[in-house]
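Results of the structural survey
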Amino acid sequence: MRVPSRSPGQQPGPVSPTAPARRRAPSALSRRATAAQPDLDAYRAAVADLLIEVGALAGAPGTAARQVLIDQRLREPAIAAVLNATPQGLVGARETLLLEMARYQPNERSSAADLTALVRIYLLSRIDVMWWRDAPTYLTDEQVNASPDLVDLEWLRRRDLLRFRYQEQPATLLGRGVRALRRRVRPAATPRTAGLLFRRARREVVALLNDIGREFAARTPVGTPPLWVTSLVRSAEHQHRLRRLGYAAMVPSGHCLGWAVDVEMEWFGRFGVRQTLADLLLARQRTGEVNVVDEGQAWHLCLAPAARRRLRRAYETEMGV
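Residues numbered from 1 in each chain as written. Predicted model: local features only at pLDDT ≥ 70, side-chain atom pairs only at ≥ 80, totals over all residues. Heavy atoms only, no water.

**Some words on the sheet that holds strand β6 (residues 290-295)**
The sheet built from five strands is open, its strands ordered β2-β4-β5-β7-β6 with mixed pairing. Two strands close off the open sheet at either side, each with one partner strand: β2 (164-165) and β6. Bridge count for strand β5 (residues 260-264) against strand β7 (residues 298-303) is five bridges, and the pairing is antiparallel. Across the sheet, Glu264 pairs through a bridge with Ala298, a residue of β7. Strand contacts of helix α6 (residues 115-131): β5, β6 and β7, with the helix running at about 160° to β6, the strand carrying the most contacts. (Pairing = 2+ DSSP bridges. Helix = DSSP H or I, 4+ residues; strand = E, 2+ residues; numbered from the N terminus. Contact = heavy atoms within 4.5 Å. Axes fitted to C-alpha atoms, helices over the stretch in contact; angles between N-to-C directions.)

**Overview of the environment of Gly288**
Within the secondary structure layout, Gly288 lies in the loop between α12 (274-286) and β6. Counting along the chain gives 19 residues from Gly288 to Ala307, while the straight-line C-alpha distance between them is 8.1 Å.

**Some points on the pairing of strand β4 (residues 227-231)**
Counting buried positions along β4 yields five of five residues, so the element is predominantly enclosed. Relative to β4, β2 runs parallel, the two being bridged by two bridges. By the bridge assignment, Phe164 is partnered in β4 with Leu227. One ladder, built from two bridges, connects β4 with β5; its direction is antiparallel. Bridge pairing links Ser231 to Asp262 in β5. (Buried < 20%, exposed > 50% of the residue type's maximum accessible area, 1.4 Å probe, protein only.)

**Quick notes on the pattern of salt bridges**
Applying the stated criterion across every chain, the model contains 22 salt bridges. The partner of Arg94 in a salt bridge is Glu95, and the shortest N-O contact between them spans 1.8 Å. For Arg94, a relative accessible area of 14% corresponds to the buried category. The residue Asp160 makes a salt bridge to Arg163 at a minimum N-O spacing of 2.9 Å. By relative accessible area, Arg163 is classed as partly exposed at 28%. Taken together, the salt bridges that share partners define one network made up of Asp211, Glu215, Arg219, Arg284, Glu289 and Arg310. (Salt bridge = Lys/Arg side-chain N within 4 Å of Asp/Glu carboxyl O.)

**Re helix α11 (residues 236-244)**
Here α11 has its buried residues at Ala236, His238, Gln239, Arg241 and Leu242. Tucked inside the fold, the buried residues of α11 contact α7 (141-146). Positive backbone phi, approximately 105°, marks Gly246, located one or two places after α11.

**Quick word on the packing of aromatic side chains**
Tallied over the full model, the rule gives six aromatic pairs. On the basis of an interplanar angle of 70° and a centroid distance of 5.7 Å, the ring pair of Trp228 and Trp267 is categorised as edge-to-face. Note that Trp228 is positioned in strand β4 and Trp267 in the loop between β5 and α12, a separation of 39 residues in sequence. This pair shows no difference in class: Trp228 is buried, exactly as Trp267 is. Three or more aromatic residues link up through ring pairs in this structure, and these residues are Phe216, Trp228, Trp267, Phe268 and Phe271. It is Arg270 that lies over the ring of Phe271; its NZ or CZ is 5.0 Å from the centre. (Phe/Tyr/Trp six-rings, centres within 6.5 Å; stacked < 30°, edge-to-face > 60°. Lys NZ or Arg CZ within 6 Å of the ring centre and 35° of its normal.)

**Let's talk about the nonpolar core**
In this structure, Leu123, Val263 and Leu281 are the most contacted members of the largest nonpolar core, which totals 82 residues. Look past the residues within four positions of Leu123 in its chain and what remains in contact with it is Tyr43, Val47, Leu50, Leu74, Leu83 and Leu97. Among the nonpolar cores identified, the runner-up in size contains six residues, and Val144, Leu150, Phe198 and Val233 belong to it. (Core = buried A, V, L, I, M, F, W, Y, C linked by side-chain atoms within 4.5 Å.)

**Structural notes on the packing of helix α4 (residues 77-84) against helix α5 (residues 89-103)**
Relative to each other, α4 and α5 sit at 100°, their axes nearing to 7 Å. By the angle between their axes, α4 is roughly perpendicular relative to α5. When α4 is examined against α5, the residues Ala80, Leu83 and Asn84 are found in contact with a partner set consisting of Gly89, Leu90 and Ala93. Among the residues forming the contact of α4 with α5, the class breakdown is four nonpolar, two polar and no charged. (Parallel < 35°, antiparallel > 145°, perpendicular 65-115°, else oblique. Nonpolar A, V, L, I, M, F, W, Y, C, P; charged D, E, K, R; others polar.)

**Some words on unusual backbone geometry**
In the segment running from Val251 into Pro252, the intervening peptide bond is cis, with an omega of -10°. Tracing the backbone through its elements, the reader meets Pro252 in the loop between α11 and β5. A positive phi angle is found at Asp160, which is not glycine, with a value near 55°. When you line up the elements, Asp160 lands in the loop between α8 (153-158) and β2.

**A look at the packing of helix α2 (residues 40-56) against helix α3 (residues 64-73)**
Viewed as axis vectors pointing N to C, α2 and α3 meet at an angle of 170°, and their least axial separation amounts to 10 Å. Relative to α3, α2 is oriented roughly antiparallel. Of α3, the residues touching α2 (which contributes Leu50, Glu53 and Val54) are Leu69, Ile70 and Arg73. For the contact of α2 with α3, the class distribution of residues is four nonpolar, no polar and two charged.

These values are about where atoms sit, not about what they do.
Below you can see the structure in the form of structure tokens.
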């Protein structure tokens, strides 16, 4: 797969943009949802109840019972309020979910270990899409690499301005071979992830991750590795590549809007601090700063629009811009 250049890359400043998809004018539904946001606590509780029923039907030989269940539960007010506020609407979200369920095949790459996990990931990630329904999508790899709204993480890392870690995908066969050798020699030294295809992120997301990274470091014993980020912005082009490879890469996705990230969870279990990180992330969800989706090895986070201004100011203060 194509990866970014290994050069120092863009500094956090103006670039010659290849514009993302044109922003659509907010619909009447979008304006109404802005005036009265859905109850996200009620939505998450309703999804949790639905997952219990999906789990009970997971072994059913046919799809009819699951389809009836989905038809009924998605129309419940707490769930319908969120899905109606997404660009697809309730009907589109229902059709997409049923199609994802029909196509589902468990595999080692997918974060959806079973059908219940697939439904959980899809429905909880719709909060991201509702929040950022009017944001433009990064359609191609070129748009990600040229966007002036994204900064180069490597430029920041070299100046010790990041409080989290990441690794890039190897660019060559030799690089992949070296990565594989390191994993054989020291299998637990780093998380088992493919790495970032794009080492770029929105300024507000950098500030969020730095904030979480500092808090995580303050709550954990000396010697605990820093927060580890496994995925940031993706193009829709790359999202579809991941789908073809068997990953549970949902469409549309907050990653393709630049507002979602994945952070490693499972690896921190060997240091005894996985629950510490989980508690920290869920506390931020309760304050309304992020949406959190448990995807097993990694957890998916999406920044809430309400936190955008504060985090942009935090970034500018921290970076001295």
